[in-house]
Structure formats: C-alpha cells, structure tokens
Amino acid sequence: MSSATATATRTMPATSQLATFWLDGDLFGVEVEHVQEVLRSQSITRVPLAPPAVAGLINLRGQVVTAIELRERLGRKPRPEGQEAVVIVVRLHGEAVSLLVDSIADVVDVDVRDFEAPPDTLDGVGRDLIRGAYKLSGQLLLALDVNRAVGT
C-alpha cells in the first residue's frame, strides 16, 4: 500500500449518517450535516408563477424559507388529500431551504462501502436526483442529492 493510499484510507470515514424519511412508500436519506431541523406541517404561502415543485414560502421564526415539494420534484404522484407534509429544513451554502416529505424516520449509520449506483428501476427525473442507494436490512435507502433536489 502506498503512503498516499494509506493516508486516504485513514482519513476516509467508514460510515456516514443519513437522516431518513418516507416519500411515496420509499425510504430516502440526506446527510445529517445538511439537516437544520425537522418541523411538523407549516403554513405555506403560495408564490404566483413559481415552478410546480416550489410549494411556497414558510416563515421560519421570521426567516422566509422556500418550500420544495419533494414528491413533485421526484416526479411522484401528489400527496393524498388530508395527509400533511413534514418539513425538513436543510442548509446549503449558508441558505435554508425546506423539503416537504411524507414522514420522518430515523438517523441511520450507513457503511460507505455499501453505497451503490441508483437502481435500474428508477427512471425519469427522480433518477437524476438520487446519488445512489444503500441496502439496509429488508429495505433500500435512496440517498438524495440535496443540491440537485433544491436546484442549486
């Protein structure tokens, strides 16, 4: 093993933590370092002429935060009538953006060596927003590319 490889091996973490959530029956995850907070459904102010994925704006303790409807962004069917979204506030490049999801799950540790390319069964616009997948016990965890999902 060369010294450069040995150094890279020592500095690469073996695990990563993902905050997971459910959306349209699938389990997704985002890196915990991006997550600022998770909130119950919030009052959303619609923005005229905004793209369909922009659900509107949320007042987060005086800070106006854009709300992205992740179902729309991933090309999934709309949330069933009466099911309120959970808000995951993520921080990217110093800016807060909120993601509307169906429900929050756990923070899980994943082994970076188990990371795989997105499954072939994913297609459409959603495939471009998925970095890859982790096989969990009886469940596939789709790793969301947060930067692409919010369009940065």
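Residues numbered from 1 in each chain as written. Predicted model: local features only at pLDDT ≥ 70, side-chain atom pairs only at ≥ 80, totals over all residues. Heavy atoms only, no water.

K.L.:
With reference to specific residues and values, describe the pattern of salt bridges.
P.N.:
With the rule as written, the count across this model stands at twelve salt bridges. Salt bridges sharing common partners tie together D24, D26, E69, R71, R76, K77, R79 and D102. (Salt bridge = Lys/Arg side-chain N within 4 Å of Asp/Glu carboxyl O.)

K.L.:
Tell me about the sheet that holds strand β11 (residues 139-144), and please be specific about residues and values.
P.N.:
Reading across from one edge, β9-β1-β2-β11-β10 is the order of the five strands in this open sheet, with mixed pairing throughout. Bordering the open sheet on either side are β9 (103-111) and β10 (130-136), each of which pairs with just one other strand. Taken pair by pair, the neighbouring strands of this sheet meet at an average axis angle of 35 degrees, ignoring direction. As judged from the three bridges shared by strand β2 (residues 26-31) and β11, these two strands associate in the parallel manner. Following the sheet pairing, F28 is matched in β11 by L142. (Pairing = 2+ DSSP bridges. Helix = DSSP H or I, 4+ residues; strand = E, 2+ residues; numbered from the N terminus. Axes fitted to C-alpha atoms, helices over the stretch in contact; angles between N-to-C directions.)

K.L.:
Mind laying out the environment of R76, listing which residues take part and the relevant values?
P.N.:
Within the secondary structure, R76 sits in the loop between α2 (70-73) and β7 (86-92). Along the backbone, R76 and G126 are 50 residues apart, and their C-alpha atoms lie at a distance of 8.2 Å. Sequence-distant contacts of R76, defined by excluding residues within four places in its chain, comprise L23, D24, D26, F28, R71 and L122. A polar contact is formed between the side chain of R76 and the side chain of D26, at a distance of 2.8 Å. (Contact = heavy atoms within 4.5 Å. Polar contact = N/O pair within 3.5 Å; in protein donor to acceptor, adjacent residues only side chain to side chain.)

K.L.:
Residues and numbers for the layout of surface pockets, please.
P.N.:
What the largest pocket holds in volume is close to 390 Å³. Forming the boundary of the largest pocket are 21 residues, of which R46, A55, E69, R79 and L100 lie nearest the centre. Looking at the lining of the largest pocket, the elements that each hand over two or more residues are β5 (54-60) and α2. Per-class residue counts for the lining of the largest pocket are nine nonpolar, four polar and eight charged. (1 Å grid on protein atoms, 1.4 Å probe; cavity = no way out; pocket = protein on both sides within 12 Å on 5 of 7 lines; lining within 4 Å. Points joined across faces, edges and corners; volume = space filled by probe spheres on them. Nonpolar A, V, L, I, M, F, W, Y, C, P; charged D, E, K, R; others polar.)

K.L.:
How would you summarise the side chain of R76 if you had to cite specific residues and measurements?
P.N.:
For R76, a relative accessible area of 19% gives the class buried. Of note is the side chain of R76, whose polar atom sits 3.5 Å from the side chain of D24. (Buried < 20%, exposed > 50% of the residue type's maximum accessible area, 1.4 Å probe, protein only.)

K.L.:
Now, about the nonpolar core: what can you tell me, with residues and values included?
P.N.:
General note: in soluble globular proteins, nonpolar side chains tend to be found buried as a group. Counting 24 residues, the largest nonpolar core has F21, L70, L74 and L144 as the members making the most contacts within it. Elements that contribute at least two residues to this core include exactly β1 (15-23), β2, β7, β8 (95-101), β10, β11 and α4 (146-150). A per-element tally of this core places β7 first, with four residues. The contact partners of L74, leaving out residues within four places of it in the chain, are L23, F28, V125, G126, L129, I130 and L144. Core analysis: the second largest hydrophobic core is formed by eleven residues, L39, L60, V65 and A85 among them. (Core = buried A, V, L, I, M, F, W, Y, C linked by side-chain atoms within 4.5 Å.)

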